[in-house]
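Residues per chain are reported as follows:
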Amino acid sequence: MAISAESIDFRRENLEDIKTNSYPDLQQYSKLIEIKLRNFKEEKGLDCFIDLFRLSANIPEPLKPDSSEEKVYSKYTDTLLCLMFNFIGIPSEVLAARSDSADVVSVDKQYGLDFVSDAKAFRLSRTAKNQKDFKIAAMDKWKGSRSQAILVCPVYQLPAKSSQIYYQSVQHNVLILTNSHIALLAKYTEKYGRDVSLQLLYRTLEKLKECTQSKSASDYWKVINHSMKHSLDNGVLWNEENLKINDTINAGKEEGSVFYSKEKERIMSLSHVEAIHELLKTSNVISKIQTVQSVSNTEIFDV
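Residues numbered from 1 in each chain as written. Predicted model: local features only at pLDDT ≥ 70, side-chain atom pairs only at ≥ 80, totals over all residues. Heavy atoms only, no water.

> Tell me about the pattern of salt bridges, residues and numbers included.
Under the defined criterion, the tally for this structure stands at 21 salt bridges. A salt bridge links aspartate 9 to arginine 12, with the shortest nitrogen-to-oxygen separation between them at 2.9 Å. Highlighted residues: aspartate 9 and arginine 12, both in helix α1 (residues 5–20), separated by three residues, approximately one helical turn. For aspartate 9, a relative accessible area of 36% translates into the label partly exposed. Taking the relative accessible area as the measure of exposure, arginine 12 reaches 46% and is therefore partly exposed. (Salt bridge = Lys/Arg side-chain N within 4 Å of Asp/Glu carboxyl O. Helix = DSSP H or I, 4+ residues; strand = E, 2+ residues; numbered from the N terminus. Buried < 20%, exposed > 50% of the residue type's maximum accessible area, 1.4 Å probe, protein only.)

> Provide a residue-level description of the packing of helix α3 (residues 46–55) against helix α10 (residues 236–268), including the pertinent values.
Where α3 contacts α10, the axes come no closer than 10 Å and their chain directions differ by 60°. The angle between α3 and α10 places the two elements in the oblique class. Judged by the sense of rotation from one axis to the other, the crossing of α3 with α10 is right-handed. In this structure, α3 contributes Asp51, Arg54 and Leu55 to the contact, and α10 contributes Glu241, Lys244, Thr248 and Ala251. Classifying every residue of the contact of α3 with α10 gives two nonpolar, one polar and four charged. (Axes fitted to C-alpha atoms, helices over the stretch in contact; angles between N-to-C directions. Parallel < 35°, antiparallel > 145°, perpendicular 65-115°, else oblique. Left-handed = near helix turned anticlockwise from the far one by under 90°. Contact = heavy atoms within 4.5 Å. Nonpolar A, V, L, I, M, F, W, Y, C, P; charged D, E, K, R; others polar.)

> Describe the pairing of strand β2 (residues 104–108), and please don't skip the residues or the numbers.
Where a strand is regular, its side chains alternate between the two sheet faces. Counted residue by residue, β2 has four buried out of five residues, so it is predominantly covered. Across three bridges, strand β1 (residues 92–94) lies against β2 in antiparallel orientation. Its bridge partner being in β2, serine 92 is matched across the sheet by serine 106. Note that β2 and strand β3 (residues 113–119) share five bridges and pair antiparallel. What sits directly across from aspartate 108, in β3, is leucine 113. Hairpin remark: β2 followed by β3, antiparallel, with four residues in the connecting loop; positive phi at glycine 112, about 65°. (Pairing = 2+ DSSP bridges.)

> So what about helix α11 (residues 272–283)? Which residues, and what values?
With 12 residues, α11 should reach 16 Å at 1.5 Å per residue; the first-to-last C-alpha distance of 17 Å fits that figure. The buried fraction of α11 is low, at zero of 12 residues. (Expected span 1.5 Å × (residues − 1).)

What follows is the structure in structure tokens.
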């Protein structure tokens, strides 16, 4: 049941590619990575491809926080989500890079599906679970003329007891699903066909409208999980996916631990002068001094 070695290797290669190339044109990157991902699925099979999608929920620790590297990685997760929806049977595409819109749009008129979606990814080193990180209200705005929106998050990063995000989800009709739910829909499609998966997704979107507005995680997930379960499956695929959650976490732990262990060794090997330069760099002291010194009188008082 472990995450496939092929998926871990592809992820590592893609990480190195992101760090090596700046990719200022995110749309161009999206097209390039889409080709690579399609080829990967063709060569390695659906299970490895779904493993890639599961792993994508973890932002790699080696990527610089709040950097252009993270933006490129975000486009990688968008493209993966788009391809997952396409496999499930919903025609989808990644939208042009904009800071005030959702990332993926999906439409299937036969099943009444017309939604935007966003794939959220977080570092395992992340501690706070701030409701603002999930941007439920923003997703509501990004729906535009569409009535539906789906926010896809790693299950192990979502609040497990109580959070405003569940209240907002029902209030704004923004369905929160996890990478695990999307992976499960893909397995349903493989085993039972696209009709089953699309009916389940439509049913879940409709069921969200009937949910009580509550901050309770339990109240929310009881409804959503019940709607997503397929009676013919008897819990087999559901239980397999539940086991995959731990495998994904363990793979992320291994990735993060290796990176930080190497960072620790590198820092410990620095000379006294190198350590001081490193501290100055990480604390951004030099830049802050320059910013302070650049302040000048605006001469507003002279007007």
